[in-house]
Amino acid sequence: MLPVERHRYITEILSQRGRILVQEVAQLCRISLETARRDLALLEKRGVLLRSHGGAVFMEHSSAEKTYVPSQIEQGESFRDRSNQSPDSKTRIAKRALQLINPGDCLLLDSSSSSWFLARQLPDIQLVVLTNSVHIIQTLAVKANVRVIGLGGEYSAKYEDFVGVLAEQMLKEFVINKLFFSCHGISHEGGIRESNEHHARLKQQMLLSSEHKILLADSSKFGRRSFARICHYREIDTLITDHLEDEEFRQELAWSNVNVIEVSPSPLQKKTKNSRNGPLAAANN
């Protein structure tokens, strides 16, 4: 974790709890006690907190609070923009993902548009679904047999979801059968990545809380450069995509025991789609 990421993380915890111990900072950020003390000293200089013996308390009315704590995450595209990208591919991926779901499962869906496409396809059967997505909660609310649990935290108007320490801590209380999630980019050099560190950190906790990890990623995600690392692809069990062109990467995934499922349109579907867009279709319109 970069220093700036640590400082934001510490500030976020303090804003929610009001206080934190040096030992907690060291454990949460995976740093030494000395580094934790230096971080707290720096944040005290900025007016974010007030150090006390063994820890620190939050400066609730400090001017630094208004400028240092982000009210929403700026990096990455909004949910509405992402939900309009590659809808046909995401629908095929979602329909294939349904085959991995059984009655009685406890599912975890992230706030990606791919998971929302999956939520729209879910039948009204006995399921427990945890999610941090407002849209997924709204979609599943009409299904009488699906129990929905929302992950709380800081609300992002841009992404229409909840992120932060509260959402991460809530996940630690559950044992989840299957995680369905997506990402901003994936490659054999950089692994699975997200556009901002807040979503990346939450998805890391989602992976830790789940027995089976299924990545939903259309072909536009492959080779895309992204800011924050979620995990190495060896940490997932299944990748469902519309098309994987890179044979070298396919081999890397096989060596990492990742089951790759492709859902490219059938030749008949391609032919039908092309005929609709051809001269005869245009003439009939």
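The preceding data block contains the structure.
What you see is a predicted model; the values in this text were computed from it and never measured. (Residues numbered from 1 in each chain as written. Predicted model: local features only at pLDDT ≥ 70, side-chain atom pairs only at ≥ 80, totals over all residues. Heavy atoms only, no water.)

Novice: Account for the overall build of the protein chain, with residues named and values stated.
Specialist: When helices and strands are counted, the protein chain shows 13 helices and 15 strands. When contacts within the protein chain are restricted to residue pairs at least 6 apart in sequence, long-range pairs at least 24 apart make up 59% of them. In the form shown here, the protein chain has an accessible surface area of approximately 14,500 Å², with 50% of it arising from carbon and sulfur atoms. (Helix = DSSP H or I, 4+ residues; strand = E, 2+ residues; numbered from the N terminus. Contact = heavy atoms within 4.5 Å. Areas by Shrake-Rupley, 256 points an atom, 1.4 Å probe, with all protein chains shown as cover.)

Novice: Which residues make up the packing of aromatic side chains, and what values do they have?
Specialist: Taken as a whole and assessed by the stated rule, the structure comprises 4 aromatic pairs. Residues Phe-222 and Phe-249 carry aromatic rings whose centres are separated by 6.1 Å and whose planes lie at 75 degrees to one another, so their mutual orientation is edge-to-face. Taken together, the positions of Phe-222 in the loop between β12 (210–216) and β13 (228–231) and Phe-249 in helix α11 (residues 247–255) put the pair 27 residues apart, joining distant regions of the chain. Look at Phe-249 and you get buried, because its relative accessible area is 2%. Positioned above the aromatic ring of Trp-116 is the side chain of Arg-120, whose terminal nitrogen or guanidinium carbon lies 4.4 Å from the ring centre. One residue, Arg-120, lies across the ring of Phe-117, its end atom 4.9 Å from the ring centre. (Phe/Tyr/Trp six-rings, centres within 6.5 Å; stacked < 30°, edge-to-face > 60°. Buried < 20%, exposed > 50% of the residue type's maximum accessible area, 1.4 Å probe, protein only. Lys NZ or Arg CZ within 6 Å of the ring centre and 35° of its normal.)

Novice: Lay out the nonpolar core with the relevant residues and their values.
Specialist: Residues Leu-108, Ile-192, Leu-215, Ile-236 and Leu-239 are the most contacted members of the largest nonpolar core, which totals 31 residues. Contributing elements (two or more residues each) for this core: β4 (106–109), α9 (165–171), β9 (176–181), α10 (197–209), β13 and α11. Element by element, the count of residues in this core is highest for α10, at 4 residues. In this structure Leu-108 touches Leu-130, Thr-131, Leu-151, Leu-171, Ile-176, Lys-178, Leu-179, Phe-180, Met-206 and Ser-210, once residues within four positions along its chain are discounted. Formed by 23 residues, the second largest nonpolar core is a distinct cluster that contains Ala-94, Leu-107, Ile-136 and Val-263. (Core = buried A, V, L, I, M, F, W, Y, C linked by side-chain atoms within 4.5 Å.)

Novice: I'd like a rundown of the pattern of salt bridges, residues and numbers included.
Specialist: Throughout the structure, instances matching the rule amount to 11 salt bridges. When the shortest N-O distance is used, the salt bridge between Asp-105 and Lys-178 registers 2.7 Å. With Asp-105 in the loop between α6 (87–97) and β4 and Lys-178 in strand β9, the pair connects residues that are 73 residues apart, well separated along the chain. Neither Asp-105 nor Lys-178 differs from the other in exposure class; each is buried. Glu-247 serves as the salt-bridge partner of Arg-250, at 3.3 Å between the closest nitrogen and oxygen. Of this pair, Arg-250 and Glu-247 are both found in helix α11, 3 residues apart, which corresponds to roughly one turn of the helix. Taking relative accessible area as the criterion, Arg-250 reaches 24% and is therefore assigned partly exposed. (Salt bridge = Lys/Arg side-chain N within 4 Å of Asp/Glu carboxyl O.)

Novice: Describe the sheet that holds β13, and please don't skip the residues or the numbers.
Specialist: Strand order in the open sheet made by the 3 strands is β10-β11-β13, with antiparallel pairing throughout. Either end of the sheet is taken by a strand with one partner, and the two such strands are β10 (185–187) and β13. Going across the sheet, the axis of each strand differs from the next one's by a mean of 35 degrees, ignoring polarity. Pairing analysis gives 3 bridges linking strand β11 (residues 191–194) to β13, with the strands arranged antiparallel. (Pairing = 2+ DSSP bridges. Axes fitted to C-alpha atoms, helices over the stretch in contact; angles between N-to-C directions.)

Novice: Outline the sheet that holds strand β1 (residues 19–21), listing residues and values.
Specialist: Note: strands within a sheet are paired through backbone hydrogen bonds, in either parallel or antiparallel orientation. The sheet built from 3 strands is open, its strands ordered β1-β3-β2 with antiparallel pairing. With one partner strand each, in any of the chains shown, β1 and β2 (49–52) form the two edges of the open sheet. Sheet twist, expressed as the mean angle between neighbouring strand axes with direction ignored, is 20 degrees. With 3 bridges joining them, β1 and strand β3 (residues 55–58) adopt antiparallel strand pairing. Within β3, the residue paired with Arg-19 across the bridge is Val-57. Along the sheet face, helix α2 (residues 22–29) touches β1 and β3 and points at about 80 degrees away from the line of β1.

Note that every value here comes from positions in space, so none of it alone points to a role or purpose.
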